[in-house]
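# Inside the fold
Chain residues, written in single-letter form:
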Amino acid sequence: MSLDSLLFQAVNGLASASGLFLVAAGLSIIFGVTRIVNMAHGSFYMLGLYLAVTLAPALSPWIGGAAGFWGGILVATLAVALLGALVEMVLLRRLYRAPELYQLLATFALLLVISDAVLFLWGPEDILGPRAPGLSGAVDLLGRRLPQYDLFLALAGPAVLLGLHLLLRRTRFGRLIRAATQDREMVAALGINEALLFTAVFALGAGVAGLGGALQMAREPANLAIDLSVLGDAFVVVVVGGMGSISGAYLAAVLVAEVKALCTALGVVDIAGYAFNMSRLTLVAEFLVMALVLILRPHGLFGRPQPPATTRARAEPAPAPLGRRGAVLVLVAVALFAAVPLIGQFFAYAPVLALDMVIAALFAASLHFIMGPGGMASFGHAAYFGLGAYGAAFAATRLGAPTPLAFAMGIGTAAMGATLFGWFCVRLEGVYFAMLTLAFAQIVWSIVYQWEEVTGGSNGMFGVWPQAPFDEPAGLYLAALAVTLAGLFLIRRVVFAPFGFALRAGRDSSLRAEASGIPVARVRWLAFALAGTLCGAAGALFAFAKGSISPEAISVGRSIDGLVMVLLGGVQSLMGPVLGAGGFTLLQDMVMRETDYWRALLGAVILAVVLLFPSGIAGGLRRAGNAR
Amino acid sequence: MRSVPTLLDIEGLAAWYGEAQILFDLSFTVGRGEAVALVGRNGAGKSTTMKALMGLVRRRARRMAFAGRDIAALPTHEVARLGIGYVPEDRRIFTDLTVAENLDLGRRPGAASLWTDAAIFELFPHLAGLRARAGGSMSGGEQQMLAVARSLVGNPELLILDEPSEGVAPIIVEQMIGALLRLKASGMSFLISEQNSLLCEAICNRAYVMEQGEMRWQGGIDALPAGSDSVGLFTKLK
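Residue indices begin from 1 for each chain and proceed along its sequence in written order. Following the order in which they are written, the chains are lettered starting with A and the ligands numbered starting with 1. Confidence filtering applies because this is a predicted model: local features only for residues at pLDDT of at least 70, side-chain atom pairs given and counted only at 80 or more, and all residues used for totals across whole chains, interfaces and linings. Hydrogens and water molecules were not included; the side-chain quantities draw on all heavy atoms of the structure.

Helix and strand definitions here come from DSSP, where helices need a minimum of 4 consecutive H or I residues and strands a minimum of 2 consecutive E residues; each element is numbered from the N-terminal end. A tally of helices and strands in chain A yields 25 helices and four strands. Computation of the radius of gyration draws on C-alpha atoms alone. For the globule rule, the value is 2.2 Å times the number of residues to the power 0.38. Taken over C-alpha atoms, the radius of gyration comes to 25 Å for chain A, in line with the 25 Å a tight globule of 628 residues would show. Projecting the C-alpha coordinates of chain A onto the three principal axes gives extents of approximately 75 × 65 × 50 Å. Going through the 628 residues of chain A one by one, you find that 53% of them count as buried. The contact criterion used is simple: two residues touch if any of their non-hydrogen atoms lie within 4.5 Å. Sequence separation of at least 24 residues holds for 79% of the intrachain contacts in chain A that already meet a minimum separation of 6. Element-wise, carbon and sulfur atoms account for 68% of the exposed surface of chain A, whose accessible area totals about 26,300 Å². His is not counted, nor are the chain ends, whereas Lys and Arg count as positive and Asp and Glu as negative. Here the site of a charge means atom NZ of a Lys, CZ of an Arg, CG of an Asp or CD of a Glu. Across chain A, the centroid of the 38 positively charged side chains sits 12 Å from that of the 31 negatively charged ones. Partly exposed describes any residue whose relative accessible area lies between the buried limit of under 20% and the exposed limit of over 50%, with all areas from a 1.4 Å probe on protein chains only and scaled to the type maximum. In these tables, accessible area is a Shrake-Rupley quantity obtained with a 1.4 Å probe, and a residue counts as shielded only by the protein chains included in the view.

On the chain B side, the residues contacting the 19 residues of chain A number 22 residues. Summed over both partners, the accessible area lost on bringing two parts together, with a 1.4 Å probe, is the buried area. For the chain A and chain B pair, buried surface summed over both sides reaches about 1,900 Å², with 52% attributable to carbon and sulfur atoms. If you sort the residues of chain A by the area they bury against chain B, A:R172, A:M186 and A:L190 come out on top, with a joint share of 30%. Put simply, a salt bridge is a Lys or Arg side-chain nitrogen that is within 4 Å of an Asp or Glu carboxyl oxygen. Scanning the region where chain A abuts chain B turns up five salt bridges. For the purposes of these results, a polar contact is taken to be a pair of N or O atoms within 3.5 Å, where, inside protein, one atom must be able to donate a hydrogen and its partner to accept one; residues adjacent in sequence count only when each atom of the pair is a side-chain atom. Applying the counting rule to chain A against chain B returns eleven residue pairs in polar contact (both at pLDDT 80 or more). Per element, the largest residue contribution to the side of chain A that touches chain B is six residues, and it comes from helix 6 (residues 172–182) of chain A. For this scheme, ten residues count as nonpolar: Ala, Val, Leu, Ile, Met, Phe, Trp, Tyr, Cys and Pro. Four count as charged, namely Asp, Glu, Lys and Arg, and the remainder, Gly too, count as polar. The residue makeup of the side of chain A that touches chain B, split by class, is eight nonpolar, three polar and eight charged.

Looking now at the sheet that holds strand 9 (residues 189–194) of chain B. All names here are of chain B. One open sheet holds the six strands; their spatial order is 7-8-9-3-10-11, and the pairing between them is mixed. Looking along the sheet, the strands with just one partner apiece sit at the ends: strand 7 (84–87) and strand 11 (214–220). In this sheet, neighbouring strand axes are inclined to one another by 15 degrees on average, regardless of whether the strands run parallel or antiparallel. The sheet strands contacting helix 2 (residues 76–83) are strand 7 and strand 8 (158–162), and the helix crosses strand 7 at an angle near 115 degrees. Paired strands are those between which DSSP finds at least two bridges. Note on geometry: axes are lines fitted to C-alpha atoms, helical ones only across the stretch in contact, with angles between N-to-C directions running from 0 to 180 degrees.

So, on to the packing of helix 11 (residues 282–296) of chain A against helix 15 (residues 403–425) of chain A. Residues and elements named next belong to chain A. At a minimum axis separation of 10 Å, helix 11 and helix 15 run at an interaxial angle of 45 degrees. Of the possible angle classes, the one that applies to helix 11 and helix 15 is oblique. On the side of helix 11, the interface is formed by F287, A291, L294 and I295, while helix 15 contributes L420, F421, W423 and F424. Across the contact of helix 11 with helix 15, the residue classes tally to eight nonpolar, no polar and no charged. Roughly parallel refers to an angle under 35 degrees, roughly antiparallel to one over 145, roughly perpendicular to one between 65 and 115, and oblique to any angle outside these ranges.

Right, let's talk about the domain arrangement of chain A for a bit. Residue and element names in this part refer to chain A. As assigned here, chain A comprises domain 1 (3–226), domain 2 (376–554) and domain 3 (556–628). A separation of 21 Å is found between the C-alpha centroids of domain 2 and domain 3. Contact residues are listed per partner, giving 16 residues for domain 2 and eight residues for domain 3. A combined buried area of about 970 Å² lies between domain 2 and domain 3, and 64% of that area is made up of carbon and sulfur atoms. Taken as a group, F379, A382 and L488 account for 36% of the area that domain 2 buries against domain 3, more than any other trio of residues on that side. Source of the domain bounds: an automatic or database domain assignment.

Attention shifts here to helix 2 of chain B. When helix 2 of chain B is considered as a whole, its buried residues turn out to be B:T76, B:H77, B:V79, B:A80 and B:G83. The buried residues of helix 2 of chain B occupy an angular sector of 160 degrees when projected down its axis, which confines them to one face. It is the directions from the helix axis to the C-beta atoms whose arc is reported.

Let us look at a nonpolar patch on the surface. Residues and elements named next belong to chain A. Nonpolar side chains collect at one region of the surface, where L342, I343, F346 and F347 lie side by side and expose about 470 Å² of accessible area between them. Relative to the assigned elements, I343 resides in the loop between helix 12 (323–338) and helix 13 (349–371). Note on I343: relative accessible area 36%, which makes it partly exposed. A residue counts toward a patch only above 30% relative accessible area and without a salt bridge, and it is joined to like-charged neighbours within 9 Å or, for Val, Leu, Ile, Met, Phe, Trp and Tyr, to nonpolar neighbours within 5 Å.

Structure follows, in structure tokens:
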């Protein structure tokens, strides 16, 4: 590696940092005022990019190449801002008083809908944008040619940072944003129309993200995967920089982008006789940066400590013992599920579907354990599902381990991952926890995607077939049923054990629990590790059930599936996720295979659940029961 | 009763925090140019009454009229714009903003205000020297002055003060009483909640005594036994 290649990558890094910063800054401003983490923020970036690559060539014949290019960026930015305003007025306004989880899910549903809208409007192919007129050349610097547009972008980030700074300091709108970030009620009590302010702030944040995307048009093709990859990166940036700090977001964006650029610049490095391809380690580097910052400064570089939540706004219902009638119902359900293989000869598809439902039930129940009694809504639970699946698949195919051993190794892999990531995650609460878990899942996904030698990359791994007696459909199904029942039993025992009481005490009031001698962080860490381990068991079963495994098993989409299952069923009882998993699997099987636009459909389902059934199906049934 | 025309007329007010009902069937009035005290111990519902007026908690009433307008269904910012200035219990100064910026937020763009900066600093001379100071680095008394000033620039007809002397040095309380008396002389109406009756006795004409979310007593301020705090007062009433 030479000095000038380092410089080249450094400029490249700064150019990437600008785009990342714009998304993170918009996210941060919106969160500050509305307290909503907008999961669809990467979608605004993606829309900005798609609109720009379409508008710039369309405008150019009319107003000239340069004016068309910059005009396209401007119009794309304004269009995204307008869409942001619309989204705020139609959707978010109904959610300001809803629990955080619902806000996160609703904005994620928006991500799904936008993603399919883009697919519908622009098609699945990547679209290349025009190069910037006047900036398509290169500048000679230290004998190395640097692309002009990268230099321009490297300067655009600080320019927007300065612009936002002036907006916040020098204008009444900026003062309103700063004041509302601290105390929305008081702002309203001074006669300021909160609703209008929120709409304006959301439009501003969306527009800034749209600008970030539009500016990338001369650098990267518009594609459908950007929304999630940008969202994951933006979460890392916001967590590292400190939520609510615009300067922190810029510093973190530069830090993350530069560390990645440095890894790429280093290329293949000899360490102790081994050749390491450092450019493959960019994602690990991103993780290490985040881990280091969180260890040294848990609230990010420029973040302030969150005030500890002294009490939760709403009292959660305590988990209720089963009762005689409940026990009978559970036994009947278990007997029915155990009898499914008997009808397999008439309905060949029944055992396959039932196996999916059983695996989904364990997946959802493990998530419920940290969400309900733990109060930690993970947006990256699929990471442990994927680790379990890949661990088992690797052991079965590459190491030739017998099926039970491979199964155990899958669980072990998930347990190690959950223990490692959990240590960081449990230190944060609420939306910060959600963001960090999602960022970790994105990192696991990327590692699996890039580490072809071990994981098979985007193709995944094939031929993960179990050995006898699990090679028969009935054998595998009954084994999966037994594992899931054991998992559910374990969760139930833990919830009713002193450990479960400690977990719920920490959820309801971490301060009071600490003062009563409960080591809240350790209790949460253990719960997180246990949930990840059980989730890994579901993943390992999944690998054997499908016979193959691909990175899709770790996608954010799967994490969200889990959340939807739990919410469908209701968060605060173990029956909830089991019912929700069953219902969701059926729905997915029946409806979502029929259409190319299943994501939009899922989004619509999530929005319906969030807006209509705030306590899930099981909660709704219980309420109906009480009303009678 | 008195001959002053009614400015604020509340009848049968109830309010809730989540599921819990805090206020029960409150009725009270504030006349134009009148200062009314809400007296009661901690948790009696004084602050909630004020938040209910501003629409900051869920509320319902048979009648909620301010200057002849029904305010029961109005969102907070419209209640404020009708001319009610709210100075909350813990003052809620925007700590990241300077004194000047805090004042600026209270102003209505496009609406002329009697309360120019000059008029504000004439009423609270101490604030004039602190214009560039961040709200977070002021003393409790200074914050209290700023909170009152921030409400005044919005041109209110009625000032709602929640515990204005709590956590404020006695010398500042005296200055505050002076400023409030000048405001009253110029025609301002007040609703003031207090545990310490010194400020109320100096300013208020009438008092209502609250306990457990209900009105228990009302009468002229002179009828409140002199020097007694609300706890002592209520024990005597029993």
